[in-house]
Amino acid sequence: MPRAPPFETHGIFTNAGKHRDVERAARLADAMSEAIDRVVAQGEAEEARLKAEGRVEQRKEVAELKDAGNAAFTAKDFDKACDLYSEALELDHGANLTARSDAPEHALTGVLFANRAAALLKLERPAEAETDCRRALQRAASAKLLARCALACLAQGGEDKVADAFGCVCEGLMLEPNHAVSRKALQEVRNAPGGRLLRPDGDCLAKLKSRIKRRGDAGLLGYALAYVDVLQRLAPEESAAFAHDASTWSTCLGGRIPEPITAAPAAANSPSMDPTL
């Protein structure tokens, strides 16, 4: 049988060799790609670690500036307190947040805005104080902060601002019906021009009446009576419908000490204002 021409055999072996080279090159490329991916992942992890460490240090510095601001406020150096809160906010990555956030890292931001608002009120800069109050309210609402916002609105004067102050007080008393500062702010609203004519809107009245009924039905008579008192203060003509219930609840309580009337427990990640400010 005749032998195949040498060039054909040679061509077969040459093609096989080329195939093996291609396979080796592909494996090498895959290995190099995996190595590069590992290096990139390690670099990203290290970058994230460094950023996290920097963020922790930054937050510590922000907290220290806040504490220094509180000390200046207590010493009645309101200009210095305002400057320190502003410096802290410049370092705070959450200061430019425009939407409501309950994230723990934004808790301190709300406190800084609330505290600076207190200093601005002392400096008779109510418009700026109101802006800071509303920034703080984007993070979490409290009766104390809403009362502060109401006072900032009242200090600006004008019917629109009196109405804004009334809205803040209504919301604050819905959160804490026995809140003393909110009640005092409401009295200031009533004493302002046009303040005695202001009444809650339909939604607010409906919520308030619902809370009275639900707490009365649940046997939380102290709470129910506290909300009846709020209704009498905000819309006295609407409270007549609860006069009989309120009398019955008061009789049932007799000499008993009712359940404590406090705000609903705040979420663990909600900001709280400094108690001294």
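The structure displayed is predicted, hence computed values, not measured ones.

Novice: Give me the overall build of the chain: which residues, what numbers.
Specialist: A count of helices and strands for the chain gives 10 helices and zero strands. Along the chain, from the amino end to the carboxyl end, the secondary structure elements read α-α-α-α-α-α-α-α-α-α. Here the chain holds 277 residues, and the buried ones make up 36% of them. Of the contacts formed within the chain by residues at least 6 apart in sequence, a portion of 66% connects residues at least 24 apart. Counting every atom, the chain has about 16,200 Å² of accessible surface; 56% of that belongs to carbon and sulfur.

Novice: Break down unusual backbone geometry for me, with residues and values.
Specialist: Positive phi, close to 65 degrees, is recorded for K76, a residue that is not glycine. Along the chain, K76 turns up in the loop between α1 (6-74) and α2 (78-91). Residues other than glycine seldom take positive phi values, yet E124 does so here, at roughly 60 degrees. Summarising the element assignment, E124 is placed in the loop between α3 (107-122) and α4 (126-139). On the basis of relative accessibility, which here comes to 71%, the residue E124 falls in the exposed class.

Novice: Could you give an account of α4, with specific residues and numbers?
Specialist: Between its first and last C-alpha atoms α4 spans 20 Å; for 14 residues at 1.5 Å apiece the expected length is 20 Å, and the two agree. Its buried side turned inward, α4 meets α3, α5 (143-156) and α6 (159-175).

Novice: A description of α6 should follow, citing residues and the corresponding values.
Specialist: Helix length check: α6, at 17 residues, gives a terminal C-alpha distance of 25 Å against a target of 24 Å (1.5 Å per residue), a fit within 8%. Where α6 is concerned, the buried positions are V162, A165, F166, C168, V169, C170, G172, L173 and M174. Against α4, α5, α7 (180-191), α8 (202-217) and α9 (221-234) lie the buried residues of α6.

Novice: Which residues make up the pattern of salt bridges, and what values do they have?
Specialist: Inspection of every chain in the model, using the stated rule, returns 13 salt bridges. The partner of E130 in a salt bridge is K161, with the nearest N and O atoms 2.8 Å apart. Here the residue E130 occupies a position in helix α4, and K161 occupies one in helix α6, the gap between them amounting to 31 residues. Here E130 falls in the buried class, since its relative accessible area comes to 8%.

Novice: Which residues make up the layout of surface pockets, and what values do they have?
Specialist: Where empty space is left becomes clear once a probe the size of a water molecule has been rolled over the atoms. Of the pockets and cavities examined, the second largest pocket occupies roughly 250 Å³. If you trace the second largest pocket, you find it lined by F73, A118, L121, K122, K144, A147, R148, L151, V181 and L277. Counting only elements with at least two residues in the lining of the second largest pocket, the list comes to α3 and α5. With four residues, the single largest contributor to the lining of the second largest pocket is α5. Each residue belonging to the lining of the second largest pocket can be placed in one class, and the counts come to seven nonpolar, no polar and three charged.

Novice: Tell me what's going on with the packing of α3 against α5, and back it up with residues and numbers.
Specialist: Each pair of packed helices can be summarised by the angle the axes make with each other and by the distance between the axes. Running from amino to carboxyl end, α3 crosses α5 at an angle of 35 degrees, the nearest separation of the two axes being 11 Å. α3 and α5 meet at a crossing whose hand is left-handed. Together, A114, N115, A117, A118 and L121 of α3 and L145, R148, L151 and A152 of α5 make up the contact between the two elements. Tallied by class, the residues present in the contact of α3 with α5 amount to seven nonpolar, one polar and one charged.

Novice: Residue-level account of the packing of aromatic side chains, with values.
Specialist: In this structure the tally under the stated criterion is one aromatic pair. Here the aromatic rings of F73 and F78 are separated by 5.1 Å at their centres, their planes lie at 70 degrees, and the arrangement is edge-to-face. As far as burial versus exposure is concerned, F73 and F78 are alike and both buried. The residue whose ring lies beneath R215 is Y223, and the NZ or CZ to ring-centre distance is 6.0 Å.

Novice: Describe the environment of D160, and please don't skip the residues or the numbers.
Specialist: Position of D160 relative to the elements: it lies in helix α6. In the structure, D160 is positioned 34 residues away from G194 in sequence and 10.0 Å away in space, judged by C-alpha atoms.

Novice: Break down the environment of L221 for me, citing the residues and quoting the values.
Specialist: In this fold, L221 is placed in helix α9. On the basis of relative accessibility, which here comes to 9%, the residue L221 falls in the buried class. Here the alpha-carbon distance between L221 and T248, two residues 27 residues apart in the chain, equals 9.7 Å.

Novice: How would you sum up the nonpolar core? Please name residues and give values.
Specialist: Note on soluble globular proteins: their nonpolar side chains tend to be buried together. In this structure, F73 and L234 are the most contacted members of the largest nonpolar core, which totals 61 residues. For this core, the leading source of residues is α9, giving nine residues. Apart from residues lying up to four places away in sequence, F73 is in contact with F78, A81, Y85, A118, A119, K122 and L277.

Scoring rules and cut-offs
- Residues numbered from 1 in each chain as written.
- Predicted model: local features only at pLDDT ≥ 70, side-chain atom pairs only at ≥ 80, totals over all residues.
- Heavy atoms only, no water.
- Helix = DSSP H or I, 4+ residues; strand = E, 2+ residues; numbered from the N terminus.
- Buried < 20%, exposed > 50% of the residue type's maximum accessible area, 1.4 Å probe, protein only.
- Contact = heavy atoms within 4.5 Å.
- Areas by Shrake-Rupley, 256 points an atom, 1.4 Å probe, with all protein chains shown as cover.
- Expected span 1.5 Å × (residues − 1).
- Salt bridge = Lys/Arg side-chain N within 4 Å of Asp/Glu carboxyl O.
- 1 Å grid on protein atoms, 1.4 Å probe; cavity = no way out; pocket = protein on both sides within 12 Å on 5 of 7 lines; lining within 4 Å.
- Points joined across faces, edges and corners; volume = space filled by probe spheres on them.
- Nonpolar A, V, L, I, M, F, W, Y, C, P; charged D, E, K, R; others polar.
- Axes fitted to C-alpha atoms, helices over the stretch in contact; angles between N-to-C directions.
- Left-handed = near helix turned anticlockwise from the far one by under 90°.
- Phe/Tyr/Trp six-rings, centres within 6.5 Å; stacked < 30°, edge-to-face > 60°.
- Lys NZ or Arg CZ within 6 Å of the ring centre and 35° of its normal.
- Core = buried A, V, L, I, M, F, W, Y, C linked by side-chain atoms within 4.5 Å.

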